[in-house]
Amino acid sequence: INFTVIGAITIHGLIGYLILKGGSLSEIFVGFFCYLINQLSQIQNGKLLKDYVFVIDNARSHLKSFTKYMRPGINLLWLPPYTPQFNPIEIIWSQWKRLVYEGESWTNQDELIFAIANASKLLNSGCFLKAYGHTLRFYGRCLLKEDIN
């Protein structure tokens, strides 16, 4: 059974995800991103889109040009290839997968989807804070041209 999860996080937690059967396509990723932008645009807690920086790795499905979907105030940070240590969501993916596989009692697709969704609820705010803290350590070292491997 092969599923792909596309997601978005902040330092406070998971703000959205999509479970796909098989791999991710550029159009689906862009669609998810546009949906996320629209959802965040409607948030009334004082945050504006300009307050967010969207960190995007160089996965093939992310490389499609975003220019025609962009609006003023959207900040994108494209990561260099093969730098998962700069992307806090990579740490979250690892923890999320561990939670899914810990219970590994699923025997069909519906049970796996349920396990993925249920595991997302077990990720607490401390996980996200720790993931961001971990990745921020690498930014300074990179700027100092230190070895980050």
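Presented here is a report on the structure given in the accompanying data block. No experiment lies behind these values; they were computed from the predicted model shown.

Further remarks concern the pattern of salt bridges. This structure, assessed with the given rule, holds one salt bridge. We note a salt bridge from glutamate 102 to arginine 98, for which the minimum N-O separation is 2.8 Å. With glutamate 102 and arginine 98 both in helix 2 (residues 88-102) and four residues apart, this pair spans about one turn of that helix. On the basis of relative accessibility, which here comes to 55%, the residue glutamate 102 falls in the exposed class.

Regular strands show a simple pattern: their side chains alternate between the two faces of the sheet. Bridge analysis of strand 1 (residues 3-10) against strand 2 (residues 13-21) gives eight bridges, and the strand direction is antiparallel. The residue of strand 2 that forms the bridge with glycine 7 is tyrosine 17. The hairpin formed by strand 1 and strand 2 contains two residues between the paired strands.

Let us look at the side chain of serine 120. Turning to its location among the elements, serine 120 is positioned in helix 3 (residues 109-122). Within the structure, serine 120 has its side chain in polar contact with the backbone oxygen of alanine 117 (distance 2.5 Å). Ignoring anything within four residues of it in the chain, the contact list for serine 120 reads Leu14, Tyr17 and Trp96.

A few words now on helix 1 (residues 26-41). Counted at 1.5 Å a residue, the expected span for helix 1 with its 16 residues is 22 Å, and the 22 Å between its end C-alpha atoms agrees. Of all the residues in helix 1, the buried ones are Ser26, Phe29, Val30, Phe32, Phe33, Leu36, Ile37 and Leu40. All buried residues of helix 1 project into a common sector of 160° when viewed along the axis, lining one side. Those residues of helix 1 hidden inside the fold are in contact with strand 1, strand 2, strand 3 (53-56) and strand 4 (75-78).

Conventions and cut-offs
Residues numbered from 1 in each chain as written. Predicted model: local features only at pLDDT ≥ 70, side-chain atom pairs only at ≥ 80, totals over all residues. Heavy atoms only, no water. Salt bridge = Lys/Arg side-chain N within 4 Å of Asp/Glu carboxyl O. Helix = DSSP H or I, 4+ residues; strand = E, 2+ residues; numbered from the N terminus. Buried < 20%, exposed > 50% of the residue type's maximum accessible area, 1.4 Å probe, protein only. Pairing = 2+ DSSP bridges. Polar contact = N/O pair within 3.5 Å; in protein donor to acceptor, adjacent residues only side chain to side chain. Contact = heavy atoms within 4.5 Å. Expected span 1.5 Å × (residues − 1). Arc of directions from axis to C-beta.

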